[in-house]
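Below are the chains, spelled out letter by letter.
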Amino acid sequence: MAEKKTTKKAVETVEAAAKKTTTKKAAVKAEKTVLAVNAENIGFKAGDVYQALAAAEKALTVKEIAKAAKISEEETLLGLGWLFKEGKLQSTEDNKIALA
């Protein structure tokens, strides 16, 4: 059997294609992180955070709350701020958050 030789040009072409794909994915991901900051949206996120904590019936980290509420960590932080201001939450020593 004859061995197939890889040319320098073929390797460069494959590397260029890989770089293009990576760049496009990064650009698409950056576009998805648009967050509308207004009282109505933040109120809804606060409701999502409250429901996630109520369902868990225990203290959770910000990451755990975001996963349970199916929202981003940024949206979770906005909702937490709202709820802390209303006195509905308490912070624990191990950086977890629980309902007050």
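Up top is the structure.
Undergrad: How would you sum up the overall build of the protein? Please name residues and give values.
TA: Looking only at helices and strands, one finds 4 helices and 2 strands in the protein. Secondary structure elements in the protein, listed N-terminal to C-terminal, are α-α-α-α-β-β. Per-residue burial over the protein gives 19% buried out of 100 residues. For the protein, restricting intrachain contacts to residue pairs at least 6 apart in sequence, the fraction spanning at least 24 positions comes to 49%. Working note: accessible area of the protein is about 8,100 Å², and carbon and sulfur atoms make up 56% of it.

Undergrad: So what's going on with the packing of helix α3 (residues 62–69) against helix α4 (residues 73–85)? Residues and values would help.
TA: Put simply, α3 and α4 touch, their axes get as near as 9 Å, and they point 105° apart. Relative to α4, the element α3 lies roughly perpendicular. In this structure, α3 contributes V62, K63, I65 and A66 to the contact, and α4 contributes E73, T76, L77 and L80. Among the residues forming the contact of α3 with α4, the class breakdown is 5 nonpolar, 1 polar and 2 charged.

Undergrad: Any chance you could break down the side chain of K45 for me, citing the residues and the numbers?
TA: Assignment of secondary structure puts K45 in helix α2 (residues 39–56). On the accessibility criterion, K45 (19% relative accessible area) is buried.

Undergrad: An account of the packing of α2 against α3 is needed here, citing residue identities and associated values.
TA: Where α2 contacts α3, the two axes come as close as 9 Å, and the packing angle between them is 100°. Our classification of the angle between α2 and α3 gives roughly perpendicular. Judged by residue contacts, D48, V49, A52 and L53 of α2 engage I65, A68 and A69 from α3. Grouping the constituent residues of the contact of α2 with α3 by class yields 6 nonpolar, no polar and 1 charged.

Undergrad: Give me the pattern of salt bridges: which residues, what numbers.
TA: If you walk through the whole model with that rule in mind, you get 1 salt bridge. Note that E75 is salt-bridged to K45, the shortest N-O span being 3.7 Å. Here K45 lies in helix α2 and E75 lies in helix α4, a separation of 30 residues in the sequence.

Undergrad: An account of the nonpolar core is requested, with residue identities and associated values reported.
TA: Grouped together as the largest cluster of nonpolar side chains are 12 residues: A46, V49, A52, L53, L60, I65, A69, I71, L80, L83, L89 and I97. Where this core is concerned, the elements lending two or more residues are α2, α3 and α4. The leading source of residues in this core is α2, at 4 residues. Sequence-distant contacts of L83, that is, excluding residues within four places in its chain, are made with A46, V49, Y50, K88 and L89.

Undergrad: So what's going on with α4? Residues and values would help.
TA: The terminal C-alpha atoms of α4 lie 18 Å apart, and with 13 residues this matches the ideal 18 Å at 1.5 Å per residue to within 8%. Among the residues making up α4, those that are buried are E75, T76, G79, L80 and L83. Angularly, the buried residues of α4 cover 140° about the axis, an arc narrow enough to put them on a single face. Those residues of α4 that are exposed and aimed more than 90 degrees away from the buried face are E74 and K85. Next to the buried residues of α4 lie α2, α3, β1 (89–91) and β2 (97–99).

Rules and cut-offs
Residues numbered from 1 in each chain as written. Predicted model: local features only at pLDDT ≥ 70, side-chain atom pairs only at ≥ 80, totals over all residues. Heavy atoms only, no water. Helix = DSSP H or I, 4+ residues; strand = E, 2+ residues; numbered from the N terminus. Buried < 20%, exposed > 50% of the residue type's maximum accessible area, 1.4 Å probe, protein only. Contact = heavy atoms within 4.5 Å. Areas by Shrake-Rupley, 256 points an atom, 1.4 Å probe, with all protein chains shown as cover. Axes fitted to C-alpha atoms, helices over the stretch in contact; angles between N-to-C directions. Parallel < 35°, antiparallel > 145°, perpendicular 65-115°, else oblique. Nonpolar A, V, L, I, M, F, W, Y, C, P; charged D, E, K, R; others polar. Salt bridge = Lys/Arg side-chain N within 4 Å of Asp/Glu carboxyl O. Core = buried A, V, L, I, M, F, W, Y, C linked by side-chain atoms within 4.5 Å. Expected span 1.5 Å × (residues − 1). Arc of directions from axis to C-beta.

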